[in-house]
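Structure at a glance
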Amino acid sequence: LEALTHPFYIINAKDYTIHTANSAAVSAGYCSSSTCYSITHQREDPCKGTDHLCPMEEIKKTGRPVVAEHVHYDKDRGIKHVEVHAYPIFDRDGTVDQIIEYCLDITDRKRMEAALSESEKQYRDLFENASDMMYTHDMEGNYISVNKAATRLVGYDSAEFLRLNFRDIVDPEHLSVT
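First, a word on scope: everything that follows refers to the structure included in this document. (Residues numbered from 1 in each chain as written. Predicted model: local features only at pLDDT ≥ 70, side-chain atom pairs only at ≥ 80, totals over all residues. Heavy atoms only, no water.)

1. What to know about the overall build of the chain
Secondary structure assignment for the chain yields seven helices and seven strands. Along the chain direction, N to C, the helices and strands of the chain fall in the order β-β-α-α-α-β-β-β-α-β-β-α-α-α. Relative to its length of 178 residues, the chain is extended, with a C-alpha radius of gyration of 27 Å against a globular reference of 16 Å. Taking the principal axes of the C-alpha coordinates as reference, the chain spans close to 80 × 40 × 35 Å. Evaluated residue by residue, the chain yields a buried proportion of 33% over its 178 residues. Within the chain, contacts between residues at least 6 apart in sequence are counted, and of these 32% link residues at least 24 apart. Total accessible area on the chain is roughly 11,500 Å²; 52% of this is exposed by carbon and sulfur atoms. Mean positive and mean negative side-chain charge positions of the chain (19 and 30 charges, respectively) differ by 5 Å. (Helix = DSSP H or I, 4+ residues; strand = E, 2+ residues; numbered from the N terminus. Rg over C-alpha atoms; globule rule 2.2 N^0.38 Å. Buried < 20%, exposed > 50% of the residue type's maximum accessible area, 1.4 Å probe, protein only. Contact = heavy atoms within 4.5 Å. Areas by Shrake-Rupley, 256 points an atom, 1.4 Å probe, with all protein chains shown as cover. Lys, Arg positive; Asp, Glu negative; His and termini not counted. Charge placed at Lys NZ, Arg CZ, Asp CG, Glu CD.)

Here's what the structure looks like:
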């Protein structure tokens, strides 16, 4: 467990207390005898709802491993986006007794996804609202996207335009290669 560089711990299924934690978990503020939700979420009750799936509850329901994205707080109340991986440990009767859980910090990935989404939104806005005709097509000349100016200029709505090939619009004399 100590060789792992990310927080790894074992949680009691009955009371949500952290039974065992590696040093990466301890340095992140996850310590034994505390509940997982009080340490990682600074809450007084377990996670719930579809937006904040509780890995323990899901494992108790299904008996299967779970991967979920959560927002955790570090010991300094800093926000971290994490990917929680949780696996059941069963008792002799087949009941979930504990879970093994580890968290991967995906904060940078979430930040990059948000930046990419914003960049795509800005590109789409520029593309759609440009006053010049703009379009993309594949290597065979089939249109993939067109802007509003293109539909106004050519006279097709975007659905019709996207069924066309470059050769359907361009005068054949402009297509010859010399």
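2. Things to note about the sheet that holds strand β4 (residues 79–90)
Spatially, the five strands line up as an open sheet ordered β2-β1-β5-β4-β3, and their pairing is antiparallel. In this open sheet, the two edge strands, each paired with only one partner strand, are β2 (18–21) and β3 (66–73). Adjacent strand axes in the sheet meet at a mean angle of 30° when their direction is disregarded. In the sheet, strand β1 (residues 8–12) pairs with β2 via three bridges, with the strands oriented antiparallel. From the neighbouring strand, Ile10 faces β2, where its bridge partner is Thr20. Strands in contact with helix α4 (residues 107–129) are β3, β4 and β5 (96–105); relative to β4, the strand with the most contacts, it is inclined by about 125°. (Pairing = 2+ DSSP bridges. Axes fitted to C-alpha atoms, helices over the stretch in contact; angles between N-to-C directions.)

3. Describing the side chain of Ser34
Summarising the element assignment, Ser34 is placed in the loop between α1 (23–27) and α2 (36–40). Judged by its relative accessible area of 17%, Ser34 is buried. The contact partners of Ser34, leaving out residues within four places of it in the chain, are Tyr16, Thr17, Ile18 and Ile39.

4. Here we look at unusual backbone geometry
Non-glycine residue Tyr16 carries a positive phi angle of around 65°. The topology assignment puts Tyr16 in the loop between β1 and β2.

5. Considerations on the pattern of salt bridges
Taken as a whole, this structure holds 11 salt bridges when the rule is applied. Its salt-bridge partner being Asp105, residue Lys80 comes within 4.0 Å of it at the nearest N-O pair. Of this pair, Lys80 sits in strand β4 while Asp105 sits in strand β5, and the two are 25 residues apart along the sequence. Judged by its relative accessible area of 32%, Lys80 is partly exposed. Here Glu83 makes a salt bridge to Arg109, at a shortest N to O gap of 3.7 Å. With a gap of 26 residues between them, Glu83 in strand β4 and Arg109 in helix α4 connect regions that are remote in the sequence. For Glu83, a relative accessible area of 18% puts it in the buried group. (Salt bridge = Lys/Arg side-chain N within 4 Å of Asp/Glu carboxyl O.)

6. A word on the environment of Ile59
For Ile59, the position within the fold is in helix α3 (residues 55–62). For the pair Ile59 and Val96, spaced 37 residues apart in the sequence, the C-alpha separation amounts to 7.7 Å. If we skip the residues at most four places from it in the chain, Ile59 touches Arg64, Val66, Ala86, Tyr87, Pro88, Val96 and Ile99.

7. As for α3
Among the residues of α3, those classed as buried are Pro55, Met56 and Ile59. For α3, the buried positions fall inside an angular range of 100° around the axis, keeping them on one side. Where the residues of α3 are buried, they touch β1, β3, β4 and β5. Just beyond α3, the residue with positive phi is Gly63, at close to 75°. (Arc of directions from axis to C-beta.)

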